[in-house]
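Analysis of the macromolecular model
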Amino acid sequence: MRRLFPVTYETAAQAPGEAPVTGATDREWGLAELAEAYAYPDVRGPWLRANMVSTLDGAAQHDGRSQPISSATDMRVFGVLRGLADAVVVGAETVRQEGYRPARAREAFAALREAAGQGPAPAIAVVSAGLDLDFSLPLFTSPLVPTLVLTGAAADPDRIEAARAAGARVVIAGDGAGVDPARAVRALGDLGLTRLLTEGGPRLLGQLIAAGVLDELCLTVSPMLTAGGAQRIAGGPSVAVPARFELVSLLEEAGFLYSRYRRP
C-alpha cells in the first residue's frame, strides 16, 4: 500500500491510536506516475540531485552496503531516478563496494528519454582522485553509454591512459589530484549532461554539499535500526552554516518514507 502525503501534511500532532492523517491517499504508483512525480525542474544549466537511503538511526549502510537497508520500492524509485538522468555521478569507493555495473536501457523509459533528447541510458560518471579502479570491469569495457571518469589534472598519467584504453572518457575537473565538485558539475553540463543524479557514497555527497552544488535530495528513510558505527549519508567536514532545504513531496509504503527536498 502506498500513500502520498501532500507537502502541507501534519503528522506531529497525531497521537498514537488516532485516525490516519487527513488527506493521505492510498495509491498504486506506476512508473509513469513516479517519473512525473520526480521530473527534473525546467531550469538552465545542470541540476544535481542525490538519491540516498538512511535508517531511523542515521546509518547509510549495513556491512558496507546500502542494499540491506533498502526495499523493493526503494529500488523502483532508484530505477526511475536513473531513468530520468543524463548521468549518474558516483564515488570510486562506492563503485568498488557496490559492484557498479553500466546503466541499462529500459523500455519503460525509452520514449520519455527520446522525447527529452537523451541517450538510451544514463552515463555513469565515476569521481576518483587516485584512479584505483578495475578498468577490466564491464562498467568500463562494455557500457551502453561510455563511462566517464572525473579526476584531477595531477592524476597518475598511466592510470588515465589505462582508463582511456578501457574505453572510458576521462574528464579533468580539478587542478590537483582531486576533483573540484563545482568544476565537475560544470564539466558535465558542458558535455550536455544537465540532469545529474548522484548515488554517493557519503564522502562524495559530503563534498558536494560542502561545495554548495547539491540542488535536491531524494532521501529514503528506512524503518530499521542498525546501531554500530555505519556512515551517515554525507561525510567529511561539516559546513559552516547548515544548508536549509524545502520539502517537495513525501511518499510512504510499508513504513518506508520517500522524501524529496530542494534548495529554496
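By convention here, each chain's residues receive numbers from 1 onward along its written sequence. The model is predicted, so local features are restricted to residues of pLDDT at least 70 and side-chain atom pairs to those at 80 or more, both for listing and for counting; the totals for chains, interfaces and linings are taken over all residues. No hydrogens and no water enter the side-chain calculation; it runs on all heavy atoms of the structure.

1. With respect to the pattern of salt bridges
We count a salt bridge whenever a side-chain nitrogen from Lys or Arg sits within 4 Å of a carboxyl oxygen from Asp or Glu. Tallying each qualifying case throughout the model produces 8 salt bridges. A salt bridge links Asp 215 to Arg 263; its shortest N-O distance comes to 3.6 Å. Here the residue Asp 215 occupies a position in the loop between helix H8 (202-210) and strand E9 (216-222), and Arg 263 occupies one in the segment after strand E11 (256-262), the gap between them amounting to 48 residues. When accessible area is computed with a 1.4 Å probe and restricted to protein chains, residues below 20% of their type maximum are described as buried, those above 50% as exposed, and intermediate ones as partly exposed. Given a relative accessible area of 14%, Asp 215 falls into the buried group. By definition, any uninterrupted DSSP run of H or I lasting at least four residues is a helix, any uninterrupted run of E lasting at least two residues is a strand, and each is numbered from the N terminus.

2. Thoughts on the nonpolar core
Each nonpolar core is a collection of buried residues, namely Ala, Val, Leu, Ile, Met, Phe, Trp, Tyr and Cys, held together in the definition by side-chain atoms within 4.5 Å. Residues Tyr 38, Ile 124, Val 126 and Phe 140 are the most contacted members of the largest nonpolar core, which totals 38 residues. For this core, the secondary-structure elements that each account for two or more residues are helix H1 (31-37), helix H2 (72-84), strand E4 (87-91), helix H3 (92-98), strand E5 (123-127), helix H5 (138-141), helix H6 (157-165) and E11. Looking at this core element by element, the count peaks at 4 residues for H2. For this analysis, residues touch if any pair of their heavy atoms sits within 4.5 Å. Phe 140 has contacts with Val 126, Leu 133, Asp 134, Phe 135, Thr 147, Val 149, Ala 166, Gly 167 and Ala 168, leaving out every residue within four places of it along the chain. Of all hydrophobic cores here, the second largest spans 28 residues; its members include Val 127, Leu 150, Val 171 and Ile 233.

3. Section: the packing of H2 against helix H4 (residues 107-115)
To obtain each axis, a line is fitted to C-alpha atoms, and for helices this fit is confined to the stretch in contact; angles are then taken between N-to-C directions over 0 to 180 degrees. Following both chains from N to C, one finds H2 and H4 inclined at 30°, their axes separated by 9 Å at the closest point. Between H2 and H4, the angle falls in the class roughly parallel. The two elements H2 and H4 meet at a crossing, and its hand is right-handed. Each of Gly 79, Val 80, Arg 82, Gly 83 and Leu 84 in H2 lies in contact with H4, whose residues at this interface are Phe 109, Leu 112 and Arg 113. Note on residue classes: Ala, Val, Leu, Ile, Met, Phe, Trp, Tyr, Cys and Pro are nonpolar, Asp, Glu, Lys and Arg are charged, and everything else, Gly too, is polar. In the contact of H2 with H4, the residues fall into 4 nonpolar, 2 polar and 2 charged. An angle below 35 degrees is read as roughly parallel, one above 145 as roughly antiparallel, one from 65 to 115 as roughly perpendicular, and any other as oblique. Each crossing gets its handedness from the near helix: less than a right angle anticlockwise from the far helix is left-handed, clockwise is right-handed.

4. Quick notes on the pairing of strand E7 (residues 169-172)
With 4 bridges connecting them, strand E6 (residues 148-151) and E7 associate as parallel partners. The partner of Leu 148 across the bridge, within E7, is Arg 169. We call a crossover right-handed when, viewed with the strands running away from us, the connection from the first strand over the helix to the second turns clockwise. In this fold, the crossover linking E6 to E7 by way of H6 has right-handed handedness. Here the rule is simple: two strands pair whenever DSSP picks up at least two bridges between them.

5. So, the packing of aromatic side chains
Ring geometry is summarised as follows: Phe, Tyr and Trp rings, the Trp one being its six-membered ring, pair when their centres sit within 6.5 Å, and such pairs are stacked at plane angles under 30 degrees, edge-to-face over 60 and tilted between the two. Tallied over the entire structure, the rule returns 2 aromatic pairs. Taking 4.9 Å as the distance between ring centres and 75° as the angle between the ring planes, the aromatic pair formed by Phe 135 and Phe 140 counts as edge-to-face. Given the relative accessible area of 1%, Phe 140 is considered buried. Relative to Tyr 258, the ring of Phe 256 has its centre 6.4 Å away and its plane inclined at 15°; by these criteria the two rings are stacked. Across the pair, Tyr 258 and Phe 256 agree in class, each one buried. Throughout this description, the term charge over a ring refers to an Arg CZ or Lys NZ atom that lies within 6 Å of the ring centre and within 35 degrees of the ring normal. Arg 49 extends its terminal NZ or CZ atom over the ring of Tyr 40, reaching a point 4.0 Å from the ring centre.

6. A word on the side chain of Arg 260
Looking at the secondary structure, you find Arg 260 in strand E11. A polar contact of 2.6 Å, which involves the side chain of Arg 260, links it to the side chain of Glu 216. Between N or O atoms, a polar contact is any pair within 3.5 Å; within protein, one atom must be a potential hydrogen donor and the other a potential acceptor, and residues adjacent in sequence are included only when both atoms are from side chains.

7. Quick notes on the side chain of Ser 128
Note that Ser 128 resides in the loop between E5 and H5. Sequence-distant contacts of Ser 128, defined by excluding residues within four places in its chain, comprise Ala 92, Leu 133, Leu 150, Thr 151 and Val 179.

8. Re the confidence of the model for the protein
How sure the predictor is of each residue is captured by pLDDT, a score from 0 to 100. For the protein, the mean per-residue pLDDT works out to 87, and 89% of the residues sit at or above 70. This stretch, residues 6-24, has a pLDDT under 50; its non-local contacts, to residues over four places away or in other chains, come to 17 contacts.

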